[in-house]
Amino acid sequence: MRRESPLEIPASFNLADYFLDRPAQEHSNRVAILGEPHEVTYAELARLANRAGNALRAAGCQPGERVLIALPDSAEFIAAFFGAAKIGAIAVPVNPFGTAADFGYYADDCGARFAVVHANALGEFARAADGVSFERIFVAGNPVASSAGMPTGPKWLAWEQALNAESPELATHRTAANDPAFFLYTSGSSGKPKAAIHEHKDMLATTRDFAQGVLGLRADDRTFSASKLFFAYGLGNAMYFPFSVGASTVLHPDRPRADRIIEVIARYRPTAFFAVPTLYAALLREADHGLRADFSSVRLAVSAGEVLPAEIFERFRRTFGVEILDGIGSTEMLHMFIANRPGKARAGSCGKEVPGCKARIVDEAGHPVAEGAIGNLLVKGASAMAGYWNKPELTARTKLGEWVVTGDKFTLDADGYYHYCGRVDDMMKVAGMWVSPGEVENALLGHPEVIEAAVVSANKSDGLVRPVAYVVLRTGMAGTAELVHALREHVRAKLEHYKCPQEIHFRAELPKTATGKIQRFRLRETLGG
């Protein structure tokens, strides 16, 4: 289903009008949020967002100001996001489970003078706020019930009280389609997070290209994203994708534990489920322990955030009867630019170009590589970021005209399917041959005792590169020398000998970002590589 016609975007465009006010007018009593903790209709949500916009404006927030949002997935998050956009401000959602150092970094980096933070994060946020020049900080939830309590001083305001004092009506500030609308921070899988600047039009582009062009979302769909709203992937899955067609979304404010995800699926019966590979693997572990999820309502299961190992794809289909549509997107591109299609997914592949997006694989000199050869992936599409906030040199290295340098290594097969090989920093040359960490990790995951694996490069004393593996074992299994030998023989039986890890280390867990990506650079640091 490829649409080659250019995306039609009016010169004057505000995302709050399109993704919230429009569905609220067309079907005001339809349920926008199914849970948790309670249902919210489109009309109710639109009024809440208007109150939020009015409260921010009354506090002195001007068009172009950044508003830091540290809220769990909730109606309050959505209202703050759209309320900021509607007055021409710039929403900056961040991980509400962050530390004081995280919040201080985000606030200082984006220069936010306004923030909306949940009471559960108040202790960490308050420590960060001492070193940041906030004008007003709104506290949602019940600060009395939190361990920190409500701070005193004129800059601290109760969010619910501020909203109740404002009108549920709000005229939209006139914005251009290419005005900045929101910042999204990269997940930090390879270092300090960077703020990608996205414009009002960008959500419209990913909606047309992926939500409609690939998934075919409908008004009767119920979406459930285990990935959170502060993450680019989750923002589409759980907010503006369903809102674009008047569908319902299931919000889950807590951390995505597999047993709780199973409960939510049973209760709300979603038709479209979105997660990352580590969660799909966790769901399989629960199934191994007898806790089975009922995926009979799910017509679309989507994976992104990191490559989905072929082993997990096959096991999930056998166990639950559901095909996972793996794809790749990025914060810089807002959502997916390569993805598998329903009924045509291939294990171990990220799929084909999403309609409206283009990709090419090039060598270090920028020339196209031969079919099947490993090269650097470049992509382009209407949803590409305008640049990184306050990082012109990095922007210039990442955006080459219309093309975005993804930092990923890929191959393209004869059928037009793209295959992820690893991040540029994660790839390694062993004996003069490229080795993809993902290929070795998938081989390790094929062993019955392994539930997670990460492969990194390390330098020998003679300067040569060796692959080193870190694995997480099934509950109750011990990491022994005999098991190391068995794992190495298992990989040797599947891959060329030079790809076999020369060392295998056992870990209780692997370091990950808040969005579920394995932080391989932290594993390399332990090796000094």
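Residues numbered from 1 in each chain as written. Predicted model: local features only at pLDDT ≥ 70, side-chain atom pairs only at ≥ 80, totals over all residues. Heavy atoms only, no water.

Engineer: Let's hear about the overall build of the chain: which residues, and what values?
Structural biologist: Secondary structure assignment for the chain yields 15 helices and 27 strands. For the chain, whose C-alpha radius of gyration is 23 Å, the value lies close to the compact-globule estimate of 24 Å for 529 residues. Across the 529 residues in the chain, those meeting the buried criterion constitute 58%. Counted over contacts in the chain with a minimum sequence separation of 6, partners at least 24 positions apart contribute 66%. Carbon together with sulfur atoms contributes 48% to the accessible area of the chain, which is approximately 20,700 Å² in total. If the 58 positive side-chain charges of the chain are averaged to one point and the 60 negative ones to another, these points end up 1 Å apart. (Helix = DSSP H or I, 4+ residues; strand = E, 2+ residues; numbered from the N terminus. Rg over C-alpha atoms; globule rule 2.2 N^0.38 Å. Buried < 20%, exposed > 50% of the residue type's maximum accessible area, 1.4 Å probe, protein only. Contact = heavy atoms within 4.5 Å. Areas by Shrake-Rupley, 256 points an atom, 1.4 Å probe, with all protein chains shown as cover. Lys, Arg positive; Asp, Glu negative; His and termini not counted. Charge placed at Lys NZ, Arg CZ, Asp CG, Glu CD.)

Engineer: Tell me about the sheet that holds strand β25 (residues 450-459), residues and numbers included.
Structural biologist: The 3 strands lie next to each other as β25-β26-β27, forming an open sheet whose pairing is mixed. The open sheet terminates on both sides in strands that have one partner only, identified here as β25 and β27 (503-506). Recorded for the sheet is a direction-independent mean angle of 25 degrees between the axes of neighbouring strands. Judged from the 9 bridges that link them, β25 and strand β26 (residues 465-473) form a sheet pairing that is antiparallel. The residue bridging Val455 from the neighbouring strand is Ala469, located in β26. Of the strands in this sheet, β25, β26 and β27 are in contact with helix α14 (residues 481-492), which crosses β27 at around 125 degrees. (Pairing = 2+ DSSP bridges. Axes fitted to C-alpha atoms, helices over the stretch in contact; angles between N-to-C directions.)

Engineer: So what about the pairing of strand β9 (residues 195-199)? Which residues, and what values?
Structural biologist: Along β9, 5 of the 5 residues are buried, which leaves the element largely enclosed by surrounding structure. Of the two faces of β9, the one lined by Ala195, Ile197 and Glu199 and the one lined by Ala196 and His198 are each fully buried. For β9 and strand β19 (residues 387-388), the ladder comprises 2 bridges, and the chain directions are antiparallel. Residue pairing for β19: Ala196 is matched across the bridge by Tyr388.

Engineer: Please give an account of unusual backbone geometry that cites residues and values.
Structural biologist: Although it is not a glycine, Arg269 adopts a positive phi angle of roughly 50 degrees. Positionally, Arg269 belongs in the loop between α9 (258-268) and β12 (272-275). In this model, Asn390 sits at a positive phi of 60 degrees, which is unusual for a non-glycine residue. Within the secondary structure layout, Asn390 lies in the loop between β19 and α12 (392-398).

Engineer: Tell me about helix α7 (residues 202-212), and name the residues and values.
Structural biologist: In terms of burial, α7 is largely enclosed, as 10 of its 11 residues are buried. Buried residues of α7: Asp202, Met203, Leu204, Ala205, Thr206, Thr207, Arg208, Asp209, Phe210 and Ala211, and no others.

Engineer: Outline the side chain of Ser297, listing residues and values.
Structural biologist: If you trace the backbone, Ser297 turns up in the loop between α10 (277-288) and β13 (300-303). Once you skip the residues sitting within four places of it in the chain, Ser297 turns out to touch Arg269, Pro270 and Thr271.

Engineer: Lay out the sheet that holds strand β15 (residues 336-339) with the relevant residues and their values.
Structural biologist: Spatial ordering of the open sheet is given by β2-β1-β11-β10-β12-β13-β14-β15-β16, a layout of 9 strands whose pairing is mixed. Looking along the sheet, the strands with just one partner apiece sit at the ends: β2 (40-41) and β16 (352-353). Bridge count between β13 and strand β14 (residues 324-329): 3 bridges; the pairing is parallel. When the sheet's bridge partners are listed, Ser303 is paired in β14 with Asp326. Against the sheet, α9 touches β1 (31-35), β10 (222-225), β11 (248-250) and β12, its axis set at about 175 degrees to β10. Packing of α10 onto the sheet brings it into contact with β12, β13 and β14, and relative to β12 it is tilted by some 110 degrees.

Engineer: So, helix α15 (residues 520-527): which residues are in play, and what are the values?
Structural biologist: All of the buried residues in α15 are Arg520, Phe521, Leu523 and Arg524. When α15 is viewed along its axis, its buried side chains cluster within an angular range of 155 degrees and face the same direction. Buried positions along α15 lie against α13 (437-445), β25 and β26. (Arc of directions from axis to C-beta.)

Engineer: Report on the nonpolar core, specifying residues and quantitative values.
Structural biologist: If you look at the biggest cluster of nonpolar residues, it comprises 144 residues, and the most contacted ones within it are Phe81, Phe82 and Phe273. Discounting residues that sit within four places of it in the chain, Phe273 has contacts with Phe224, Ala226, Ile261, Ile265, Leu279, Tyr280, Leu283, Phe295, Val298, Leu300, Ala301 and Val302. If you look at the next biggest cluster of nonpolar residues, it comprises 30 residues, including Cys110, Ala121, Ala126 and Ala129. (Core = buried A, V, L, I, M, F, W, Y, C linked by side-chain atoms within 4.5 Å.)

Engineer: With reference to specific residues and values, describe the packing of aromatic side chains.
Structural biologist: Two descriptors summarise a pair of aromatic rings, namely the distance from one centre to the other and the angle between the planes of the rings. Scanning all chains against the criterion turns up 28 aromatic pairs. Centroid distance Tyr42 to Phe243: 5.2 Å. Interplanar angle 70 degrees. Geometry classified as edge-to-face. In this pair, Tyr42 is assigned in helix α2 (residues 42-58) and Phe243 in helix α8 (residues 232-245), connecting sequence segments 201 residues apart. Here the two residues Tyr42 and Phe243 agree in accessibility, since each one is buried. Ring geometry for Phe210 and Phe241: centres 6.1 Å apart, planes at 45 degrees, overall tilted. Placement of the pair is Phe210 in helix α7 and Phe241 in helix α8, with a sequence separation of 31 residues. As far as burial versus exposure is concerned, Phe210 and Phe241 are alike and both buried. Among the aromatic residues, those joined into a ring-pair cluster are Phe13, Tyr18, Phe19, Phe210, Tyr240 and Phe241. The ring of Tyr417 carries the charged tip of Arg346 above its face, separated from the ring centre by 4.0 Å. (Phe/Tyr/Trp six-rings, centres within 6.5 Å; stacked < 30°, edge-to-face > 60°. Lys NZ or Arg CZ within 6 Å of the ring centre and 35° of its normal.)

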